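# Structural features, examined
What follows is the residue order along each chain.
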Amino acid sequence: MARDPRRDLLAGLTVAIVALPLALGFGVSSGLGAEAGLATAVVAGALAALLGGSNLQVSGPTGAMTVVLVPIVAEYGPGGVLTVGLMAGVLLIGLALVKAGRYMAYVPAPVVEGFTLGIACVIGLQQFPNALGVDKPEGEKVLAVAWRSVVAFTEAPNWMALGLSVGVAVVMLVGARWRPTVPFSIVAVIAATIVVEVFHLQEVAPIGALPSGLPAPSLGFLDVSALGSLLGPAVAVAALAALESLLSATVADGMTVGQRHDPDRELFGQGVANLAAPLFGGVPATAAIARTAVNVRTGASSRLAALTHAVILGVIVFAAAPLVSRIPLAALAGVLLATAVRMVEVGSLRAMARATRSDAAVLVLTAAATLALDLVYAVMIGLVVAGALALRAVGLQARLDQVDFRPDLPGEHSDEEHALLTEHIVAYRIDGPVFFAGAHRFLLELSEVADVRVVILRMSRVTTMDATGALVLKDVVEKLHRRGVTVLASGIRPGQRQVLASVGALELLQPDGQEYATTPEAITAARKRLEQAGLVPHRRHVHLHRARKGLRGPFPPSG
């Protein structure tokens, strides 16, 4: 994409217009006020734009981060947010230094979709108090707070606040379909503010006074005594910032041609941004998928666009704080309600739900956990369940099939010999992985083998083997040995040999101290054992018997 400074400046202006009500709304939702959201958008937005790993990424306060911050603010206040932000910044820089960014690509799509759906629900529920025009009830659980807000509204309805929030949300949603390039969020907010001012609607509360400019950097609120108890929330903030930022960067790459982000540099940039933003009264930040998408769609081609967005918001903080302070809280609630609705991609959810039952289960579970629990716990639960279901699916691919070994018999054999050998030898082929997720399911079938003297295991198609699979195989072989059945293996790979040897299974598969590279070699050894046991005639005797009958043809020597 060719760089065009004018297009970058226009894209930055557009993103700033879109980001202003979102920054204000997320600041209010966090519990620290609208000024915290603006400070975050300016400081974190500028630093992440300069130091991050994506040319098109736009960072600032987000709904997902707000969800994590609400209980921190409630319990520890501004000092807790500052402490968590600094700790999360250090953790993100540490992740960048150990080059952990590449591993975020392994997060399954159903986990991401479920996480996004859950966050959208949480953001929507968080807006109930301001949207309904009631005081925010006590409590940390978003479902409980939303329900108490509804109860308070039924006792004393505030129809003006509800009408403004619903009106703003409808204008945004309908306008986005009608004219996607027009920033209807700022249009709706301005219209709502004018209505409140013209009609003097006292029952609709405004944002309140904002400082004229950013505060000087300060560590005055740093809560050193709570470092231990805030480590968990800091890990949650860092994990969320890493996950959302790298997902947003991936989305930006997919919307463009020739743009590729550096995941480790992106983590470093987000780390620095999260170190700095709380010092200026802001909250921990992350890349914002919605704002990044607007940036790309309006023609951004370099970091100049995201940097311009931060500068314009900074100008607003210094020059228009009195005007911004008069925006109704109900209008910001409507902006975030519409944002929550737009976060839900119905087509993606439908595709995940129809893909497999496992994908649908992971999506629903992750969304439910996001709504009911901590966001990082939700992602962890989603990852664990997705991993377990994936391992189960892989384990079910492993098979144990009895095969006809007669085509592998060396030399010519009569029908009588074939029949005699198959009475005493049976061959099985193991296909797929032999590991903890599925080894017990199919290997134990071997222990039920009856009325044979030798079992040949073809292992050349075993794709992987772990210690659990090797131990299960060892247990099966020992059971067969106790019944007088010899087990021979062919085609053991070097990696399998090491695992089998470590648990003592390799020597059981080599009862004569030899290893067989091919199945015919194992069959020859099995025949020798049967000849020594007198269960089949020696090949020399068979040769004389054939000669007496006048049979001709090549016949390999014994052994």
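It should be emphasised that the depicted structure is a prediction, and the values quoted were computed from it without experimental measurement.

Of regular secondary structure, the chain possesses 23 helices and seven strands. For 559 residues, the compact-globule estimate of 2.2 N^0.38 gives 24 Å, and the C-alpha radius of gyration of the chain, at 34 Å, exceeds that figure by more than 25%. Taken over the C-alpha atoms alone, the chain extends approximately 120 × 55 × 50 Å along its principal axes. A burial count over the chain gives 51% of its 559 residues as buried. As presented, the chain carries roughly 25,600 Å² of accessible surface, and 62% of it is formed by carbon and sulfur atoms.

Attention now moves to the environment of M352. Locating M352 in the fold gives a position in helix 15 (residues 346-355). Note: C-alpha distance between M352 and G114 (238 residues apart in sequence) is 9.6 Å. When sequence neighbours within four positions are dropped, the list of residues in contact with M352 reads A109, P110, E113, D359, A360 and L363.

Remark: helix 7 (residues 159-178) packs on helix 14 (residues 329-343), axes separated minimally by 7 Å, with the N-to-C direction vectors making an angle of 40°. In terms of orientation, helix 7 lies oblique with respect to helix 14. Helix 14 is crossed by helix 7, and the crossing has right-handed handedness. The segment helix 7 lies against helix 14, with A161, L164, S165, V168, A169, M172, L173 and A176 engaging A330, A331, G334, V335, L337, A338, T339, V341 and R342. For the contact of helix 7 with helix 14, the per-class residue count stands at 13 nonpolar, three polar and one charged.

Below, the discussion takes up a nonpolar patch on the surface. Side chains of I190, I194, V195, V198 and F199 sit close together on the surface and give an oily, nonpolar patch of about 470 Å² of accessible area. Along the chain, V195 turns up in helix 8 (residues 184-199).

The subject of this paragraph is the nonpolar core. Counting 90 residues, the largest nonpolar core has L24, I207 and L313 as the members making the most contacts within it. Broken down by element, this core gets its largest block of residues, 13 residues, from helix 3 (residues 63-97). Beyond its immediate sequence surroundings of up to four residues, L24 is in contact with A34, L38, I207, V324, I327 and L332. L446, M459, L480 and V503 belong to the second-largest nonpolar core, a separate cluster that totals 31 residues.

Next up on the list: the side chain of H261. As for its placement among the helices and strands, H261 is situated in the loop between helix 9 (231-254) and helix 10 (263-276). Relative accessible area serves as the criterion here: at 19%, H261 is assigned to the buried category. Of note is the side chain of H261, whose polar atom sits 2.6 Å from the side chain of D253. Each residue touching H261, except ones within four places of it in the same chain, is listed here: G53, S54, L246, A249, T250 and D253.

On to the packing of aromatic side chains, then. Aromatic ring pairs: the centre-centre distance and the angle between the two ring planes describe each pair. Using the criterion set out here, one finds two aromatic pairs in the structure. Where F153 meets W159, the ring centres are 5.2 Å apart and the plane angle is 80°; that geometry is what we call edge-to-face. Its relative accessible area of 10% is what places F153 among the buried residues. Pairing W178 with F184 gives two aromatic rings, centres 6.2 Å apart and planes at 40°, and the pair type is tilted. Of the residues examined, F184 reaches a relative accessible area of 14% and is grouped as buried.

In this section: unusual backbone geometry. Although it is not a glycine, K99 sits at a positive phi angle of roughly 55°. One can find K99 in the loop between helix 3 and helix 4 (109-126).

For helix 4, built from 18 residues, the straight-helix expectation of 26 Å at 1.5 Å per residue is met to within 8% by its first-to-last C-alpha distance of 26 Å. Across the 18 residues of helix 4, 14 count as buried, placing the element largely inside the fold.

Attention shifts here to the pattern of salt bridges. Under the counting rule described, the total for this entry stands at four salt bridges. Residues E197 and R326 are paired through a salt bridge, measuring 2.8 Å at the closest nitrogen-oxygen approach. Separated by 129 residues along the polypeptide, E197 in helix 8 and R326 in the loop between helix 13 (321-324) and helix 14 bring together distant segments of the chain. Look at E197 and you get partly exposed, because its relative accessible area is 32%. You can call R326 partly exposed: its relative accessible area is 41%.

Contact geometry of helix 3 with helix 4 gives a least axis separation of 9 Å together with a crossing angle of 65°. Crossing geometry of helix 3 relative to helix 4 is assigned as left-handed. From helix 3, G63, A64, T66, V67 and V70 reach across to helix 4, where they touch I119, V122, I123 and Q126. Counted by class, the contact of helix 3 with helix 4 contains six nonpolar, three polar and no charged residues.

A word on the environment of G484. Relative to the elements of secondary structure, G484 occurs in the loop between helix 20 (467-482) and strand 7 (486-490). Sequence separation between G484 and A467 is 17 residues, and the spatial gap between their C-alpha atoms is 26 Å.

Two faces, one strand: in a regular strand the side chains alternate between the faces of the sheet. Strand 5 (residues 454-458) sits mainly inside the fold: five of its five residues count as buried. On strand 5, burial covers both faces: V454, I456 and R458 on one face and V455 and L457 on the other are all buried. The sheet contact formed by strand 4 (residues 425-434) and strand 5 spans five bridges and is parallel. Across the sheet, the residue bridging to V426 is V455, located in strand 5. Two elements, strand 5 and strand 7, share five bridges in a ladder whose sense is parallel. By the bridge assignment for strand 7, R458 is matched with S490.

Attention shifts here to the confidence of the model for the chain. Taken residue by residue, the chain gives an average pLDDT of 83. The fraction at 70 or more is 91%. Put simply, helix 23 (residues 539-548) is where the chain has its lowest mean pLDDT, 47, and helix 10 is where it has its highest, 95. Between residues 541-559, whose pLDDT stays under 50, and residues either more than four places distant or in other chains, the model counts 24 contacts.

Conventions and cut-offs
- Residues numbered from 1 in each chain as written.
- Predicted model: local features only at pLDDT ≥ 70, side-chain atom pairs only at ≥ 80, totals over all residues.
- Heavy atoms only, no water.
- Helix = DSSP H or I, 4+ residues; strand = E, 2+ residues; numbered from the N terminus.
- Rg over C-alpha atoms; globule rule 2.2 N^0.38 Å.
- Buried < 20%, exposed > 50% of the residue type's maximum accessible area, 1.4 Å probe, protein only.
- Areas by Shrake-Rupley, 256 points an atom, 1.4 Å probe, with all protein chains shown as cover.
- Contact = heavy atoms within 4.5 Å.
- Axes fitted to C-alpha atoms, helices over the stretch in contact; angles between N-to-C directions.
- Parallel < 35°, antiparallel > 145°, perpendicular 65-115°, else oblique.
- Left-handed = near helix turned anticlockwise from the far one by under 90°.
- Nonpolar A, V, L, I, M, F, W, Y, C, P; charged D, E, K, R; others polar.
- Patch = residues over 30% accessible without salt bridge, like charges linked within 9 Å, V, L, I, M, F, W, Y side chains within 5 Å.
- Salt bridge = Lys/Arg side-chain N within 4 Å of Asp/Glu carboxyl O.
- Core = buried A, V, L, I, M, F, W, Y, C linked by side-chain atoms within 4.5 Å.
- Polar contact = N/O pair within 3.5 Å; in protein donor to acceptor, adjacent residues only side chain to side chain.
- Phe/Tyr/Trp six-rings, centres within 6.5 Å; stacked < 30°, edge-to-face > 60°.
- Expected span 1.5 Å × (residues − 1).
- Pairing = 2+ DSSP bridges.
- pLDDT = per-residue confidence, 0-100.

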